[in-house]
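Analysis of the macromolecular model
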Amino acid sequence: MDVKPMVMVTKQSATYRLGQFIDSILRTVINIHRQGRMFSDGSDFLRKFHEYIDRTHRLSSKTKFVTITIGNFYHMVPHDHMLNTLTDFFLQCYHLPCIENIQVTKLIQLTSLFLHNNRFYYDGKIYRYRKGGPASSGLIETLSNIYLSRM
């Protein structure tokens, strides 16, 4: 069933707090890994773009720029794909067993717990997310960024 969920999440709910906790740990690691591919503002983008042009000499008069917008992406990726991508990220890019004294395997288990226990209210009924999660969750944004960067 494809529906646009109206999420009724409170800041006191267990899944909301768990998502915030995991996101606070993962976001720093992901941002460090993505340095050079992230832009803080327009000036930063232009500086890095010019450095790229000077270094690679790939820009020509025939170069085309494309913008792709993926609507409703936070609700499209199955949970097992997100978890596999997170596991692959840790195996291939983050070679330490712990982040802030929490084992990577525990973070993956907590992320699984978060993904499989989110619910939303729609048309008078309560549903469980089978794909993605609440777009208002910082953790879903972080997991989506990992997923997209690993494609």
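Summary of the structure given here. (Residues numbered from 1 in each chain as written. Predicted model: local features only at pLDDT ≥ 70, side-chain atom pairs only at ≥ 80, totals over all residues. Heavy atoms only, no water.)

Turning next to the nonpolar core. Counting residues in each nonpolar core, the largest one holds 26 residues, and the members touching the most others are Leu26, Phe90 and Leu143. For this core, the elements supplying multiple residues, two or more each, are helix H1 (14–33), helix H3 (79–92), helix H4 (104–116) and helix H5 (138–150). Considering every element that reaches this core, the biggest residue donor is H1, with six residues. What leucine 26 contacts, discounting residues up to four positions off in sequence, is Leu86, Phe90, Leu107, Leu139, Thr142 and Leu143. (Core = buried A, V, L, I, M, F, W, Y, C linked by side-chain atoms within 4.5 Å. Buried < 20%, exposed > 50% of the residue type's maximum accessible area, 1.4 Å probe, protein only. Helix = DSSP H or I, 4+ residues; strand = E, 2+ residues; numbered from the N terminus. Contact = heavy atoms within 4.5 Å.)

Here the focus is H5. Its 13 residues give H5 an end-to-end C-alpha distance of 19 Å, which sits within 8% of 18 Å, the value for a rise of 1.5 Å per residue. Along H5, the residues that are buried comprise Leu139, Ile140, Thr142, Leu143, Ser144, Ile146 and Tyr147. Contacts made by the buried residues of H5 are with H1, H3 and H4. (Expected span 1.5 Å × (residues − 1).)

A few words now on the packing of H4 against H5. Close contact between H4 and H5 brings their axes to 12 Å; oriented N to C, the two are set at 115°. Seen from above, H4 lies across H5 with left-handed handedness. In contact with Thr111, Phe114 and Leu115 of H4, H5 contributes Leu139, Ile140 and Leu143. Looking at the contact of H4 with H5, its residues break down into five nonpolar, one polar and no charged. (Axes fitted to C-alpha atoms, helices over the stretch in contact; angles between N-to-C directions. Left-handed = near helix turned anticlockwise from the far one by under 90°. Nonpolar A, V, L, I, M, F, W, Y, C, P; charged D, E, K, R; others polar.)

Evaluation of the coordinates by the stated rule reveals five salt bridges. Here arginine 47 and aspartate 44 are joined by a salt bridge, their closest N and O atoms 2.6 Å apart. Of this pair, arginine 47 and aspartate 44 both sit in helix H2 (residues 42–56), three residues apart, which is roughly one turn of that helix. On the basis of relative accessible area, arginine 47 is assigned to the partly exposed category, the value being 42%. Of the charged contacts in the structure, one is a salt bridge between aspartate 44 and lysine 48, with a shortest N-O distance of 3.3 Å. Placement of both aspartate 44 and lysine 48 in helix H2 is noted, with a separation of four residues, approximately one turn of the helix. (Salt bridge = Lys/Arg side-chain N within 4 Å of Asp/Glu carboxyl O.)

Here we come to unusual backbone geometry. With a phi angle near 50°, glutamate 100 is a residue other than glycine that sits in the positive phi range. Examined against the element boundaries, glutamate 100 turns out to sit in the loop between strand E1 (98–99) and strand E2 (102–103). With relative accessibility at 57%, the residue glutamate 100 sits in the exposed group. Phi is positive for asparagine 101, close to 65°, though the residue is something other than glycine.

We now examine the pairing of strand E3 (residues 119–122). Inspection of the sheet shows E3 paired to strand E4 (residues 125–128) by four bridges, in the antiparallel sense. Note that in E4 the partner of arginine 119 across the bridge is arginine 128. Hairpin connection of E3 to E4: two residues between the antiparallel strands, including aspartate 123 at a positive phi of 50°. (Pairing = 2+ DSSP bridges.)

Function cannot be inferred from these measures alone, as they are strictly geometric.
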